[in-house]
Amino acid sequence: EDSCCKEGTVCEAPAQVIVDCKEEENVRPFKWGHVMVLLGTVSSDAIAMVGPLPFLPMYCREQLGVPEDEVGFWVAALSGSLNLSNCVSSIVLGHLSDLHGRKVILVAGLLVTVICSISMIWIYDVQTAVANRVVLGAMNSNFAIARAALADLVPAGH
């Protein structure tokens, strides 16, 4: 019998005390692949959220036809609508991810992010652009869901 697997004994590694042999057997290796997928998800959401910001004034002037004196207002409306809808929907999407699984909600959010980001190419009026950013923000609550998914990956007590 292994002397390291006796309750209360010190193993050969310094400062490691085995409390329960069954606990030692149930330790799973950390899933770094899952963490990298979550990192990619959160990164893509951040890019979709912040990436267009430097181009919004030009987008408003040239594609949406906004007069120069209203560009600042509509840039703020485009960025603020995304953030506001994101704030409101994260509670609902978090609850849905608890009910239906994190993966389903994360994939749905990524799909909507892609569709809304690409569809900005074909939008030529400012109200539709704001509505598009509202939808993007509403489904782009992957930060909170990814945080919960990461918490699910970490063993209890760590």
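These remarks concern the structure in this document. Computed from a predicted model, the values in this text were never measured in an experiment.

**Some thoughts on the overall build of the protein**
Now for step 1: For the protein, the count of helices and strands is seven helices and zero strands.
Now for step 2: For the protein, the α and β elements follow one another from N to C terminus as α-α-α-α-α-α-α.
Now for step 3: For the protein, the residues scored as buried account for 32% of the 158 residues in total.
Now for step 4: Taking contacts inside the protein between residues at least 6 apart in sequence as the whole, the part at least 24 apart equals 68%.
Now for step 5: When the accessible surface of the protein is split by element, carbon and sulfur atoms take 68% of a total near 10100 Å².

**Description of the nonpolar core**
Now for step 1: Counting residues in hydrophobic clusters, the biggest one holds 15 residues, and the most contacted among them are Y59, C60, L64, V66, W74, L78 and A129.
Now for step 2: Listing elements by their share of this core, those giving two or more residues are helix 3 (56-63), helix 4 (71-100) and helix 6 (126-139).
Now for step 3: It is helix 4 that provides the largest number of residues to this core, a total of five residues.
Now for step 4: For V66, the residues in contact, after removing those within four places along its chain, are C60, R61, V71, W74 and V126.
Now for step 5: Counting nine residues, the second-largest nonpolar core is a separate cluster that includes L38, I105, A146 and A149.

**Comments concerning the pattern of salt bridges**
Now for step 1: Going through the model one piece at a time under the given rule, you end up with three salt bridges.
Now for step 2: Salt-bridge contacts for R102 lead to D152; the nearest nitrogen and oxygen are separated by 2.8 Å. Of this pair, R102 sits in helix 5 (residues 102-119) while D152 sits in helix 7 (residues 142-153); the two residues are 50 residues apart in sequence, bridging distant segments of the chain.
Now for step 3: Exposure remark for D152: the relative accessible area of 48% places this residue in the partly exposed category.

**Things to note about the packing of helix 2 (residues 32-50) against helix 7**
Now for step 1: With their axes 10 Å apart at the nearest point, helix 2 and helix 7 run at an angle of 170° to one another. Judged by the angle between their axes, helix 2 and helix 7 are roughly antiparallel. Judged by residue contacts, H34, V35, L38, T41, V42, D45, A46 and M49 of helix 2 engage N142, F143, A146, A149, L150 and L153 from helix 7.
Now for step 2: When its residues are assigned to classes, the contact of helix 2 with helix 7 shows 10 nonpolar, three polar and one charged.

**Some remarks on the side chain of D45**
Now for step 1: Positionally, D45 belongs in helix 2.
Now for step 2: When neighbours within four sequence positions are excluded, D45 is seen to be in contact with L110, T113, N140, N142 and F143.

**Looking at the side chain of T113**
Now for step 1: One can find T113 in helix 5.
Now for step 2: Discounting residues that sit within four places of it in the chain, T113 has contacts with D45, A48, L136 and N140.

**Structural notes on the layout of surface pockets**
One simple way to see leftover space: roll a probe sized like a water molecule over the atoms.
Now for step 1: Quantified by volume, the largest pocket comes out at close to 320 Å³.
Now for step 2: Lining of the largest pocket is provided by H34, V37, L38, T41, R102, K103, L106, V107, L110, A149, D152 and L153.
Now for step 3: For the lining of the largest pocket, the elements supplying multiple residues, two or more each, are helix 2, helix 5 and helix 7.
Now for step 4: Counting residues per element, the lining of the largest pocket draws most heavily on helix 5, at five residues.
Now for step 5: For the lining of the largest pocket, the residue count by class is seven nonpolar, two polar and three charged.

So, how was this worked out
Residues numbered from 1 in each chain as written. Predicted model: local features only at pLDDT ≥ 70, side-chain atom pairs only at ≥ 80, totals over all residues. Heavy atoms only, no water. Helix = DSSP H or I, 4+ residues; strand = E, 2+ residues; numbered from the N terminus. Buried < 20%, exposed > 50% of the residue type's maximum accessible area, 1.4 Å probe, protein only. Contact = heavy atoms within 4.5 Å. Areas by Shrake-Rupley, 256 points an atom, 1.4 Å probe, with all protein chains shown as cover. Core = buried A, V, L, I, M, F, W, Y, C linked by side-chain atoms within 4.5 Å. Salt bridge = Lys/Arg side-chain N within 4 Å of Asp/Glu carboxyl O. Axes fitted to C-alpha atoms, helices over the stretch in contact; angles between N-to-C directions. Parallel < 35°, antiparallel > 145°, perpendicular 65-115°, else oblique. Nonpolar A, V, L, I, M, F, W, Y, C, P; charged D, E, K, R; others polar. 1 Å grid on protein atoms, 1.4 Å probe; cavity = no way out; pocket = protein on both sides within 12 Å on 5 of 7 lines; lining within 4 Å. Points joined across faces, edges and corners; volume = space filled by probe spheres on them.

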